[in-house]
There are 2 protein chains.
Amino acid sequence: MATKIQTPKGFRDFLPPIQSGRVFLLEKITAVLKRFGFEPLETPALEFAETLKGKYGEEEKLIFEFTDRGGREVALRFDQTVPLARVIAANPSLPMPFKRYQIQPCWRAENPQKGRFREFLQVDFDTVGSSSTLSDAEIIATAIACAKGVGFNDFLMRINDRDIFKGLSGESIRSIDKLKKIGEVGVVEQLKREGYNGKEAKAILTKIKNSSPTRALESLFKYLDALKVDKDKYAFDPTLARGLDYYTGIIYELEIEGYSGGSIGGGGRYDELIGRFTTKKTPATGFSFGFDRLIEAAEEAKLVPSYSPPTRVLITVFNERLLAESLSLVSKLRTLGIATEIALDPKEKLDKQLKYADNKKIPYVAILGPAEIKKGVVTLKDLASGEQSSLKESELVKKLKGAKF
Amino acid sequence: MATKIQTPKGFRDFLPPIQSGRVFLLEKITAVLKRFGFEPLETPALEFAETLKGKYGEEEKLIFEFTDRGGREVALRFDQTVPLARVIAANPSLPMPFKRYQIQPCWRAENPQKGRFREFLQVDFDTVGSSSTLSDAEIIATAIACAKGVGFNDFLMRINDRDIFKGLSGESIRSIDKLKKIGEVGVVEQLKREGYNGKEAKAILTKIKNSSPTRALESLFKYLDALKVDKDKYAFDPTLARGLDYYTGIIYELEIEGYSGGSIGGGGRYDELIGRFTTKKTPATGFSFGFDRLIEAAEEAKLVPSYSPPTRVLITVFNERLLAESLSLVSKLRTLGIATEIALDPKEKLDKQLKYADNKKIPYVAILGPAEIKKGVVTLKDLASGEQSSLKESELVKKLKGAKF
């Protein structure tokens with residue numbers, strides 16, 4: 001009996017053409033993160049449920065939790081910020097400020113819908129242990145450099161300070177966070193549900209919309225300027241709220257112009273979160289890219305190159321007696337760093353071998369038959385152009401190495 | 001109240017000095033896998049429990065399974081072979097042979113002990129859709145090239161064919177698999193428990209020890225030779241069994257000389273597994289590195305370089321008035337691709353800034369005070385040698401770029 005072949009809802013397979021695009025973008029981002037001095041960190045998929053609970057506000061209901069065989073309440077990683085806070089508390093001798101990046105899947109029991117999955121990759125970078133606004137500026141500059149590194153041209157980092165909402169409850173802040181989704185009327189309705197009358201609710205919103213940058217924001221903009229961040233890549237937005245409970249200061253959100261899927265990342269200062277794991281007061285600030293949106297926006301902007309497999313050339317097998325000649329060539333090319341495949345079934349006809357290369361989008365095919373061996377050459381076929389040339393081994397190597405990757 | 005800061009037993013944090021070593025080795029291995037024509041694949045952390053069950057034999061009891069909120073029986077990925085089989089069945093139009101690599105964590109409810117964890121990384125590569133022994137040879141050649149790529153010199157791929165055990169039950173094969181652990185006497189005892197008498201059990205073992213290579217193995221060795229794989233890196237071992245149920249043909253296991261933690265990886269042909277997900281007969285063969293053992297063996301062999309952070313240089317801040325000068329330098333260096341950090345607290349004393357760089361093992365520190373600015377230079381301090389030099393910006397860039405990474 002065949003077992004069913006589906007993945008659970010909201011969980012995905014990434015086949016090579018997709019996965020290669022993901023790897024491509026992740027390499028671009030990682031290069032930027034290193035240039036800004038962030039170091040790699042990984043944490044486990046499972047945490048004690050207690051570690052995660054009481055940290056995310058109303059989103060907490062989406063924690064993927066269960067009881068393990070040993071009767072322990074455990075949960076799948078919900079984000080990478082709370083695990084980071086735990087790591088900081090567990091490693092008091094870490095040199096501060098600690099700058100780390102972390103690229104791992106997170107899990108949320110969401111109702112799967114377009115662009116929203118139960119397993120998704122987050123790309124985070126945070127600076128822990130500095131209350132200086134310069135560290136917020138550095139995070140924002142890094143995020144902007146990542147967006148540029150990926151190739152985005154038209155984007156905007158909206159920036160605000162939670163201080164703008166001083167006196168408002170977490171619930172009210174979460175209502176304002178929905179402004180883009182539900183509009184001003186919607187926000188006023190939500191605020192009214194929290195006990196304000198209509199006039200008060202409108203007044204709150206008007207006051208926020210007319211707010212001036214706080215002193216922290218003024219410093220921030222000065223630092224961004226000194227760091228030579230383009231002024232048209234960021235802007236003050238007093239209505240930006242960010243839904244998560246743990247933010248305490250400057251907050252930010254990155255939007256790609258023309259991309260309708262919402263912001264591709266966001267972050268902010270969270271000076272109290274780590275203190276929930278340790279008595280040592282530890283300020284922190286950081287950014288998180290939602291990788292699914294980032295890649296979707298990058299695809300729309302044509303920043304992900306069309307797929308080509310690692311293999312540069314397929315060495316065909318003329319017949320079994322000549323197999324050793326082909327294998328010898330395979331070995332030589334690989335030693336020279338050229339990604340090479342051999343047709344795996346020596347009994348297969350040449351046209352089937354060529355079809356395999358074509359299906360897999362391998363750019364070149366090399367043929368080594370009795371005529372070639374006699375002449376000491378290789379016939380190289382360019383599958384895109386159909387061009388065929390008879391090359392000596394050294395010419396072959398030169399051609400395969402020089403070819404655009 | 002502080003929340004507890006432990007990870008669940010058998011689950012680990014990888015702090016930057018450790019994680020960097022892991023990334024270093026993974027990059028070496030991935031480069032080899034691409035050179036051999038393997039493409040990247042990822043599958044979800046969670047599968048339906050049904051997908052995993054009945055595939056692993058007695059190890060199945062270690063599957064990390066639970067019921068999700070929707071009442072579905074799900075399980076954490078136990079290995080990457082069964083998910084691969086499911087992917088193949090779910091994507092009938094994939095060009096065959098399909099060569100993929102997959103580097104993701106797996107989870108097993110093991111009793112944690114030295115070198116054995118509940119969450120661990122596997123590095124797999126498999127060829128699906130070819131029954132040719134050449135594809136086994138390619139997998140073995142790839143694994144050996146990976147070991148060399150990491151830097152290992154003394155290692156041995158032990159190779160066998162499950163056909164050697166023809167007529168024996170799965171249980172008997174698993175008994176023989178324990179030969180290294182429990183010795184010949186132990187294996188005979190285990191075989192007796194399966195119903196053989198002492199004489200029969202001994203005869204079975206003697207027969208296996210004296211077996212000659214099968215015809216498939218003879219072809220395999222011929223192919224390995226043609227692929228120029230060093231003859232001292234592999235050997236026929238008729239007692240190699242491999243415990244997993246799904247192997248059907250040639251099997252192999254890689255051992256590092258002098259490393260006591262057991263084989264660092266193994267694999268083999270599994271021609272029946274994919275057929276359990278689809279009616280299409282689909283042969284396959286593949287290898288899996290246990291990354292924890294691989295890295296342990298690599299550390300013992302001094303193949304993992306001592307840790308250095310990505311950051312090449314810390315730009316200090318003389319005082320807040322001169323901060324803009326420092327930030328401008330930071331921006332310039334980063335634009336040139338030099339990984340650069342800025343001292344994040346502009347109010348901090350210079351010696352504290354230097355201490356930060358020292359703690360983090362950042363190799364260089366740049367000082368930009370009033371004297372330097374007046375002269376149009378930067379003072380660069382090499383923290384390892386203590387050497388200090390006064391450099392123009394162009395000299396600074398040259399020095400930082402040329403410095404050994």
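What counts as what
- Residues numbered from 1 in each chain as written.
- Chains lettered and ligands numbered in written order.
- Predicted model: local features only at pLDDT ≥ 70, side-chain atom pairs only at ≥ 80, totals over all residues.
- Heavy atoms only, no water.
- Least-squares fit on C-alpha atoms with pLDDT ≥ 70 in both.
- Contact = heavy atoms within 4.5 Å.
- Salt bridge = Lys/Arg side-chain N within 4 Å of Asp/Glu carboxyl O.
- Helix = DSSP H or I, 4+ residues; strand = E, 2+ residues; numbered from the N terminus.
- Buried < 20%, exposed > 50% of the residue type's maximum accessible area, 1.4 Å probe, protein only.
- Buried area = accessible area lost by both parts, 1.4 Å probe.
- Polar contact = N/O pair within 3.5 Å; in protein donor to acceptor, adjacent residues only side chain to side chain.
- Nonpolar A, V, L, I, M, F, W, Y, C, P; charged D, E, K, R; others polar.
- UniProt positions renumbered as here; feature names shortened; annotations may be inferred.

Visitor: Would you mind going over the relation of the copies chain B and chain A in detail, with residue names and values included?
Guide: These two copies of the chain differ by a rotation about an axis and a displacement along the same axis. Superposition of chain B onto chain A requires a rotation of 180° combined with a translation of 0.0 Å along the rotation axis, giving an RMSD of 0.0 Å. Classification of the inter-copy transformation places it as that of a two-fold axis. Of the C-alpha atoms belonging to chain B, the one lying closest to the rotation axis is found on Phe66(B), 3.4 Å away. Of the interface residues in chain B, 100% have counterparts in chain A that sit at the interface too, so the contact is made through matching surfaces.

Visitor: I'd love a proper account of the pattern of salt bridges, names of residues and values included.
Guide: Applying the stated criterion to the full structure yields 60 salt bridges over all chains. Residue Lys99(B) pairs with Glu341(A) through a salt bridge whose shortest N-O separation is 3.9 Å. One end of the pair, Lys99(B), is in strand β5 (residues 98–107); the other, Glu341(A), is in strand β13 (residues 340–342), on a second chain. Neither residue differs from the other here; Lys99(B) and Glu341(A) are each classed as buried. In this structure, Glu348(B) and Lys352(B) form a salt bridge, with 3.7 Å as the shortest nitrogen-oxygen distance. By relative accessible area, which is 52% here, Lys352(B) ends up exposed. A cluster of three or more residues bridged by salt bridges with shared partners is formed by Glu39(A), Lys99(A), Glu138(A), Arg334(B), Glu341(B) and Lys360(B).

Visitor: Could you give me a rundown of the interface of chain B and chain A, with the residues and numbers involved?
Guide: Counting residues at the interface gives 97 residues for chain B and 97 residues for chain A. Summed over both sides, the interface of chain B with chain A buries roughly 8,200 Å², with 62% coming from carbon and sulfur. Of all residues in chain B, Ile5(B), Arg334(B) and Leu344(B) bury the most surface against chain A, accounting for 9% of the area lost on that side. Taken together, the connections running from chain B to chain A amount to ten salt bridges. For Glu138(A), the salt bridge goes to Arg334(B), with nearest N and O atoms at 2.7 Å. Across the contact surface, chain B and chain A share 28 residue pairs in polar contact (both at pLDDT 80 or more). Ranked by residues supplied to the side of chain B that touches chain A, first place goes to helix α10 (residues 323–335) of chain B with seven residues. Looking at the side of chain B that touches chain A residue by residue, the classes come out as 49 nonpolar, 20 polar and 28 charged.

Visitor: Give a description of the UniProt feature "binding site: L-histidine" (unreviewed entry) in chain A that names residues and reports values.
Guide: Residue and element names in this part refer to chain A. Under the feature "binding site: L-histidine" (unreviewed entry), the UniProt entry names Asp 79, Gln 80, Thr 81, Arg 108, Gln 122, Asp 126, Arg 242, Tyr 246 and Tyr 247. Note on placement: Thr 81 falls in helix α3 (residues 81–90). Taking relative accessible area as the criterion, Thr 81 reaches 8% and is therefore assigned buried. Thr 81 has contacts with Asp 124, Tyr 246, Tyr 270 and Leu 273, leaving out every residue within four places of it along the chain. Of note, Arg 242 is situated in the loop between β8 (234–236) and β9 (250–256). By relative accessible area, which is 14% here, Arg 242 ends up buried. Ignoring anything within four residues of it in the chain, the contact list for Arg 242 reads Arg 162, Ile 173, Asp 177, Tyr 247, Ile 251, Tyr 252, Glu 253, Gly 266 and Gly 267.

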